[in-house]
Amino acid sequence: MARRPMREKEAIIISGVLGLVILLLASPLWAPMIWNTPEAKNPQSISGGGLKGTDKEKKEKPQKELPVVDETGLMLKTRINPPHGYKRTEEEKDSFGEFVRNYEIKKSTGVVKYWDGQKKKDEDKTIVQAVFKLPMEKEDLQRSAGAVIRMYAEYFWAQGEYDKISFQLINGFQADFSKWREGYRIRTGAAGSMWVNGGSEDDSKENFKKYLHTVLTYTSAASMKKESKKVKKQDIRIGDILLQDGTSPEVAMIVDVCENTQGQKAFLLAKGGKPAQQFYLMKNPANESDPWYYVDEVTYPLKTADGDFAKGSLRRLPYLEDKQTTPQ
């Protein structure tokens with residue numbers, strides 16, 4: 001059979017196809033994929049700069065550093081942030097430390113008031129950092145030691161741990177709320193204190209307040225010193241106190257603790273005062289913008305925004321310990 005001559009149109013199509021094949025084989029983009037060369041598995045080698053999102057480590061954005069004092073916070077832990085490089089110490093759920101950190105505080109414009117409603121003088125704003133909304137008697141009873149007792153008592157009441165509400169009076173008598181709620185009352189005289197029948201069992205908050213009124217009447221920095229023990233500053237924790245007795249007794253409580261990766265700690269201090277006044281967070285006179293006191297910088301006497309504390313004043317109260325109520 002004679003071969004049919006190629007038509008001009010067919011020749012043009014075949015030439016086009018052959019040209020396209022040659023172009024693809026010669027292209028630096030397609031050749032690696034066709035021949036399965038190593039470059040095909042590494043697209044970065046094509047452009048030299050890499051492709052966006054491919055084998056290029058994404059740089060993590062640095063975490064925004066929070067200000068130490070956040071005036072919008074309405075709890076201790078939201079008003080005061082840990083300083084840079086520090087984290088708050090871990091506290092168990094429903095612990096005293098968690099209770100204090102979550103305690104409600106006044107707005108930043110709030111001021112400290114005395115028991116009679118008068119305002120504490122702090123014109124230059126060098127003393128008060130924040131004010132706790134801790135209940136206070138409308139008498140000159142809840143001073144610096146009383147404010148600490150009130151915070152512990154409110155914590156145990158909130159947890160329903162009535163058997164742990166127990167404080168030592170100045171004469172050494174142990175005033176247990178568990179006994180009080182059974183209907184007994186405390187009679188105090190020259191010979192000391194004793195339980196007497198006073199009514200029926202009462203679990204009400206009003207009865208709890210009456211108990212606290214009696215406790216605050218017969219407790220002080222001196223009685224608190226008797227039932228507490230010294231601790232080292234490296235072992236400081238929430239609930240510890242700084243206690244200065246004598247002619248001008250003062251008690252301040254550690255209300256928060258934070259720590260850095262080297263194990264160095266810092267703490268916040270709060271106190272009441274004389275005459276009885278609201279419980280407030282103190283500033284640090286060494287740093288106007290940072291209320292934290294740094295353990296490695298502590299020297300004695302420790303100068304706070306409202307009073308000085310001598311060596312040996314750091315103490316721990318027994319209120320959080322498990323103890324048996326002894327009959328009296």
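Scroll up a little and you will see the structure.
First, a word on what this report is: a plain description of the structure on this page. Values in this document were obtained by computation on a predicted structure and should not be read as measured data.

Cut-offs applied
Residues numbered from 1 in each chain as written. Predicted model: local features only at pLDDT ≥ 70, side-chain atom pairs only at ≥ 80, totals over all residues. Heavy atoms only, no water. 1 Å grid on protein atoms, 1.4 Å probe; cavity = no way out; pocket = protein on both sides within 12 Å on 5 of 7 lines; lining within 4 Å. Points joined across faces, edges and corners; volume = space filled by probe spheres on them. Nonpolar A, V, L, I, M, F, W, Y, C, P; charged D, E, K, R; others polar. Pairing = 2+ DSSP bridges. Helix = DSSP H or I, 4+ residues; strand = E, 2+ residues; numbered from the N terminus. Buried < 20%, exposed > 50% of the residue type's maximum accessible area, 1.4 Å probe, protein only. Lys, Arg positive; Asp, Glu negative; His and termini not counted. Salt bridge = Lys/Arg side-chain N within 4 Å of Asp/Glu carboxyl O. Contact = heavy atoms within 4.5 Å.

1. Concerning the layout of surface pockets
- Estimates place the volume of the largest pocket at around 360 Å³.
- For the lining of the largest pocket, the residue count by class is five nonpolar, four polar and ten charged.

2. A short note on the pairing of strand S6 (residues 192-197)
- Two elements, strand S5 (residues 184-189) and S6, share six bridges in a ladder whose sense is antiparallel. Paired with Thr188 across the bridge in S6 is Ser193.
- From the end of S5 to the start of S6, which pair antiparallel, there are two residues.

3. With respect to the side chain of Arg79
- Tracing the backbone through its elements, the reader meets Arg79 in helix H4 (residues 76-79).
- Buried charge Arg79 goes without a salt bridge, the closest partner of opposite sign being Glu71 at 4.2 Å.
- Beyond its immediate chain neighbours, meaning those up to four positions away, Arg79 contacts Val68, Val69, Asp70, Glu71, Gly73, Leu74, Ile105, Lys106, Lys107, Ser108, Gln129 and Ala130.

4. Describing empty space enclosed by the protein
- Scanning the entire structure with this criterion turns up two cavities of 30 Å³ or more.
- Within this model, the largest cavity holds a volume of roughly 50 Å³.
- In terms of lining, the largest cavity is formed by Lys233, Ile236, Leu242, Ile254, Phe267, Val298, Tyr300, Leu302 and Leu314.
- Among the residues forming the lining of the largest cavity, the class breakdown is eight nonpolar, no polar and one charged.
- The computed volume of the second largest cavity comes to approximately 30 Å³.
- Lining the second largest cavity are Tyr152, Arg237, Ile238, Gly239, Asp240, Arg316, Leu317 and Leu320.
- Broken down by class, the residue content of the lining of the second largest cavity amounts to four nonpolar, one polar and three charged.

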